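# Structural overview for review
Here are the chains, one letter per residue:
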Amino acid sequence: GKRRVGLHLIAIKMNWCAIVLCAGFATLGAFLYGYHNGAINIAKEDANFRRTLKISNSSSTAGESSCTDDVEESALIGLIVSSYPLGCSIGAIIGGVLSQFIGRRYVIMLGSSVATIGAVLQATSFHLGMFFAGTITDGIGIGILFMVVPVYVSEIAPRKIRGRMVLVFGGIGIPSGFLSSCLVNLFLLRYYTFGWRISFGVQATVGAILFASVIFMPESPRWLLKSGKEKKAEKFLKMMFGSNNNEQVNAEMNLIKDALQNEDEMRKKKTYIFKNLFTLRTAHRVALAVCLQTFRKFCGIDIISQYSVTIFNQLGIPSLEATVAVAAAGALSAPFGICIIDKVHTLVEH
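In short, a report on the structure. (Residues numbered from 1 in each chain as written. Predicted model: local features only at pLDDT ≥ 70, side-chain atom pairs only at ≥ 80, totals over all residues. Heavy atoms only, no water.)

### Thoughts on the overall build of the protein chain
Put simply, the rule reads: Secondary structure elements are defined from DSSP: runs of H or I of at least 4 residues count as helices, runs of E of at least 2 residues count as strands, and each element is numbered from the N terminus. The cut-offs for exposure are 20% and 50% of the maximum accessible area for each residue type, with area from a 1.4 Å probe on protein chains only; residues under the lower value are buried, those over the upper are exposed, and the others partly exposed. Note on definitions: a residue-residue contact is assigned when non-hydrogen atoms from the two residues lie within 4.5 Å. Computed with a 1.4 Å probe, the accessible areas rest on the Shrake-Rupley method; for each residue, only the protein chains presented here act as cover.
Counting its secondary structure elements, the protein chain contains 15 helices and zero strands. By the burial criterion, 41% of the 350 residues in the protein chain qualify as buried. For the protein chain, the proportion of contacts with a sequence separation of at least 24, taken over those separated by at least 6, is 75%. Put simply, the protein chain shows about 19000 Å² of open surface, and 68% of that area lies on carbon and sulfur atoms.

Shown next as structure tokens:
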């Protein structure tokens, strides 16, 4: 009897490890976001990149038109950089809508494939229009991932570690992607003339790995129950809690069903609308979330992640090495924040 119980516990731990591994692979969506920020940050200051896309006035030759004004160069660079968040915004809307109809898993596959296509277009670009199209396409793909992956991770992760798994998505995925991109480019741009192409090629490879890994991942049990696929949802929950632990499986299924039923009732009563965000129960939470995101942008960290090479060049500081140092500081501080967040919350409550 003890041996059977021991084997049962080992099986549950292995299943949990498999679920955490799935969530980890899904977090590559955040890794891609951070990686692209680092890649475009460094590439736009590379002379070969500017010559190839005819951005720099150093590419001017007899009979060839190119930008000769510094203001125009800056405007073109700004257009390239800003096209990425534009694509992400479009992708987030697409991902949010599609995930309700075809499931989280298929939408992640769609996002990773679109992001891979965009990265391939950027890596093979020979003129500005092609790179611009690739950047928007890449942004749409990563916007889809950024919208759907946190939802997917929260829905497949066990409740005990659900919050931490979602934190890993943004807290570790983005800075580790940015740091990886800086390190890759630090090496490539020193030894290869067209290192920026290889850099975007690496991004395409990561996107392809994400696509391939999602093929073997389970669908969200919440979406399965919402779509009437109860047996598949039960199969996933049995994998999480153990095939013999019917009581916990049924309790989790009932919990999800109750939440879905409450949503349906709110929709029928037409109370499932934006005004609920501003009731006394939720207004302070919404304000906190909005303020956190707003002030995060106002602090200027996005400027650092996208223009640090430019800034360090103008200050006369070795730009690549300094950018790697900034990226390393961000990547190392993120796990520290994740580790202490629960402890700080407990201390504040007491």
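Let's pick the thread back up.
### Quick look at the environment of Leu255
Inspection of the secondary structure assignment puts Leu255 in helix 12 (residues 246-268). Assessed through its relative accessible area of 42%, Leu255 is described here as partly exposed. Remark: the alpha-carbon pair of Leu255 and Arg222, spanning 33 residues in sequence, is separated by 10.0 Å.

### Concerning the packing of aromatic side chains
What counts is decided by this rule: The rule is short: rings of Phe, Tyr and Trp, with Trp giving its six-membered ring, pair when the centres are within 6.5 Å, and they are stacked under 30 degrees, edge-to-face over 60, tilted in between. For a ring to carry a charge above it, either NZ of a lysine or CZ of an arginine must fall within 6 Å of the ring centroid while also lying within 35 degrees of the normal to the ring plane.
Per the counting criterion, the structure on display carries ten aromatic pairs. Ring centres 5.0 Å apart and planes at 85° place the aromatic pair Phe49 and Trp196 in the edge-to-face group. You can see Phe49 sitting in helix 3 (residues 47-52) and its partner Trp196 sitting in helix 9 (residues 195-214), a full 147 residues away along the chain. For Phe49, a relative accessible area of 0% gives the class buried. A relative accessible area of 0% means that Trp196 is categorised as buried. Aromatic rings pair up to connect Phe49, Phe131, Trp196 and Phe200 into one cluster. The positively charged end of Arg105 is found above the aromatic ring belonging to Tyr106, 5.3 Å away from the centroid. The cationic tip of Arg197 hangs over the ring face of Phe126; the distance from NZ or CZ to the ring centre is 4.4 Å.

### Quick look at unusual backbone geometry
Backbone geometry at Lys54 places phi at a positive 55°, although glycine is not the residue there. Secondary-structure assignment places Lys54 in the loop between helix 3 and helix 4 (70-102). Overall, the relative accessible area of 33% leaves Lys54 in the partly exposed class.

### Brief notes about the side chain of Asn185
Counting through the fold element by element, Asn185 comes out in helix 8 (residues 173-191). The class for Asn185 is buried, based on a relative accessible area of 0%. Sequence-distant contacts of Asn185, that is, excluding residues within four places in its chain, are made with Ala39, Ile42 and Ser199.

### Digging into the packing of helix 5 (residues 104-123) against helix 6 (residues 128-156)
Selection rule: Axes here refer to lines fitted to C-alpha atoms; in helices the fit is confined to the stretch in contact. Angles between the N-to-C directions go from 0 to 180 degrees. Throughout this description, any angle smaller than 35 degrees is read as roughly parallel, any larger than 145 degrees as roughly antiparallel, any in the 65 to 115 degree range as roughly perpendicular, and the remainder as oblique. The sense of a crossing depends on the near helix, which, turned anticlockwise from the far helix by less than a right angle, makes the crossing left-handed and, turned clockwise, makes it right-handed.
It is at 7 Å that the axes of helix 5 and helix 6 come closest, and there the two elements cross at 155°. The angle between the axes of helix 5 and helix 6 places the two elements in the roughly antiparallel class. For helix 5 against helix 6, the interelement crossing comes out left-handed.

### Overview of helix 6
To keep things clear, this is the line we draw: By definition here, a helix of n residues has an expected span of 1.5 Å times n minus one. To get the bend at a given residue, fit one axis to the seven residues ending there, fit another to the seven starting there, and take the angle between those axes.
Look at helix 6: 41 Å from first C-alpha to last across 29 residues, which is about the 42 Å you get at 1.5 Å a residue. At Val148, helix 6 shows its maximal kink, close to 30°; a proline, Pro150, follows between one and four residues later.

### Digging into the nonpolar core
We apply this condition: Nonpolar cores were defined as sets of buried Ala, Val, Leu, Ile, Met, Phe, Trp, Tyr and Cys residues, with membership established by side-chain atoms within 4.5 Å.
Core analysis: the biggest nonpolar cluster contains 58 residues, and Phe49, Ile108, Phe131 and Phe200 have the highest contact counts within it. At eleven residues, the largest contribution of residues to this core is made by helix 6. Aside from chain neighbours lying at most four places away, what touches Phe131 is Ile40, Phe49, Leu53, Ile80, Gln122, Ser125, Trp196 and Phe200. Counting ten residues, the second largest nonpolar core, distinct from the first, contains Ile42, Leu179, Cys182 and Leu320.

### Some thoughts on the packing of helix 8 against helix 9
The contact between helix 8 and helix 9 brings their axes to 8 Å, and the two run at 150°. What the angle tells us is that helix 8 and helix 9 run roughly antiparallel. The crossing of helix 8 and helix 9 is right-handed. Contacts between helix 8 and helix 9 involve Asn185, Leu188 and Leu189 from the first element and Gly195, Trp196, Ile198 and Ser199 from the second.

### Focus on a nonpolar patch on the surface
Quick reminder of the rule: Residues enter a patch when their relative accessible area is above 30% and they make no salt bridge; the linking distance is 9 Å between like charges and 5 Å between nonpolar side chains (Val, Leu, Ile, Met, Phe, Trp, Tyr). When a carboxyl oxygen of Asp or Glu lies within 4 Å of a side-chain nitrogen of Lys or Arg, that pair is called a salt bridge.
Together, Ile93, Val97, Phe101, Ile102 and Tyr106 give the surface a local cluster of nonpolar side chains, amounting to about 550 Å² of exposed area. The element that contributes the greatest number of residues to the nonpolar patch is helix 4, accounting for four residues. Counting through the fold element by element, Ile93 comes out in helix 4. Using a relative accessible area of 59% as the deciding quantity, one classes Ile93 as exposed.

### Here we look at the environment of Ser213
Defined as follows: Polar contacts, as counted here, are pairs of nitrogen or oxygen atoms within 3.5 Å of one another; within protein the pair requires one atom able to donate a hydrogen and one able to accept it, and residues that are adjacent in sequence qualify only if both atoms are side-chain atoms.
Among the secondary structure elements, Ser213 is positioned in helix 9. Classification of Ser213 by relative accessible area gives buried; the value is 12%. Expressed as a C-alpha distance, the spacing of Ser213 and Ala26, which sit 187 residues apart in the sequence, is 8.2 Å. One polar contact links the side chain of Ser213 to the main-chain carbonyl oxygen of Leu210, over a distance of 2.8 Å.

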